[in-house]
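Working through the structure, step by step
Read off the chains here:
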Amino acid sequence: MSNLSVVLDHLFISKVRIKILKYFIFNMEDEIHLRGIVREVDEEINAVRRELNRLEELGIFITKEKGNRKYFKFIQTHPLAKEIASLIIKCYGLGDEIIRKEARLGDIKFAFFTPSFIFKSMYASNSIDLVIIGKVDMIELEELVQKTQKTLKREIHYTVLTFNEFETRKKRGEQFVTNILIQDRVMLIGREDELIRI
């Protein structure tokens, strides 16, 4: 599979906008001023200001005045918040790593992020962020997770189930599996309709 971040670069006209969205998706709780964002995305200030203003006009960012500074924050309740976040987390970070390294990780039937991974503040601190179903090289997976934890500066909670284990627990109606299935999810590997039909 081609690198999804390259696909995203061609879908979005502005690479500066992608960098800004990437920063805010992976730092969902941040309120940050213009110069702070310029430092984070390493782009020219006028280009960053222009893109922030466009995102504010689209209603994707909310702004707040503090002293003589204007602070920007991603609106988690925006109707397109989940879709925008889904695109970004599939193309960068752990989502991108899992998609690109699927063969090295083992025989994976399904892999997906739960809403907890995207909107952490809305969920309990120990909520499951990532679910993988199949035969997995746990050492390889742990390396990817550890790398992401260092980057995001937070713990990633994940669970791995064999296909048979998942199938059995689903048929028994176990609460853990039911809770996983009733939530929205961002599919990384496998098809959502097949996951539900098991």
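I will try to describe carefully the structure that is included in this document. Treat the numbers as computed from the prediction; the structure is a model and nothing was measured. (Residues numbered from 1 in each chain as written. Predicted model: local features only at pLDDT ≥ 70, side-chain atom pairs only at ≥ 80, totals over all residues. Heavy atoms only, no water.)

1. Notes on unusual backbone geometry
- One non-glycine residue with positive phi stands out, namely Asp42, at about 55°.
- Its relative accessible area of 64% is what places Asp42 among the exposed residues.
- Even without being glycine, Lys153 reaches a positive phi, approximately 60°.
- Mapped onto the elements, Lys153 comes out in the loop between α9 (138-152) and β6 (158-161).
- Lys153 gets classed as exposed once you look at its relative accessible area, which sits at 74%. (Buried < 20%, exposed > 50% of the residue type's maximum accessible area, 1.4 Å probe, protein only. Helix = DSSP H or I, 4+ residues; strand = E, 2+ residues; numbered from the N terminus.)

2. What about the pairing of strand β2 (residues 61-66)?
- The pairing of β2 with strand β3 (residues 69-74) spans 6 bridges and is antiparallel. Looking at β3, one finds that Phe61 is bridged to Phe74.
- Hairpin connection between β2 and β3: a loop of 2 residues separates the two successive antiparallel strands, and Gly67 in this loop has a positive phi of roughly 65°. (Pairing = 2+ DSSP bridges.)

3. Brief notes about the environment of Asp129
- Mapped onto the fold, Asp129 is located in the loop between α8 (115-118) and β5 (130-136).
- Residue Asp129 is classed as buried on the basis of its relative accessible area of 0%.
- In this structure the C-alpha to C-alpha distance between Asp129 and Asp193, which are 64 residues apart in sequence, comes to 20 Å.
- Leaving out residues up to four positions away in the same chain, Asp129 has contacts with Phe112, Phe113, Thr114, Ser116, Phe117, Lys120, Arg154, Glu155, Ile156 and His157. (Contact = heavy atoms within 4.5 Å.)

4. Some remarks on the side chain of His78
- Topologically, His78 is positioned in the loop between β3 and α5 (81-91).
- Not counting the four nearest positions on each side in its chain, His78 is found in contact with Leu58, Gly59 and Ile60.

5. Details of the pattern of salt bridges
- Summed over the entire model, instances satisfying the criterion amount to 20 salt bridges.
- For Glu51, the salt bridge is made with Arg17, and the minimal N-O distance between the two is 2.6 Å. You can see Glu51 sitting in helix α4 (residues 45-57) and its partner Arg17 sitting in helix α2 (residues 15-26), a full 34 residues away along the chain.
- Overall, the relative accessible area of 3% leaves Glu51 in the buried class.
- Linking Glu174 and Arg169 is a salt bridge whose minimum nitrogen-to-oxygen distance equals 2.7 Å.
- Ionic contacts of the salt-bridge type, sharing partners, join the residues Asp96, Glu97, Arg100, Lys101 and Lys147 into one network. (Salt bridge = Lys/Arg side-chain N within 4 Å of Asp/Glu carboxyl O.)

6. Overview of α2
- Compared with the 16 Å implied by 1.5 Å per residue over 12 residues, the 17 Å span of α2 between its first and last C-alpha is a close match.
- Taken as a whole, α2 has its buried residues at Val16, Ile18, Ile20, Leu21, Tyr23, Phe24 and Ile25.
- N-capping of α2 is provided by Ser14, with a side-chain oxygen placed 3.3 Å from the backbone N of Val16. (Expected span 1.5 Å × (residues − 1). Polar contact = N/O pair within 3.5 Å; in protein donor to acceptor, adjacent residues only side chain to side chain.)

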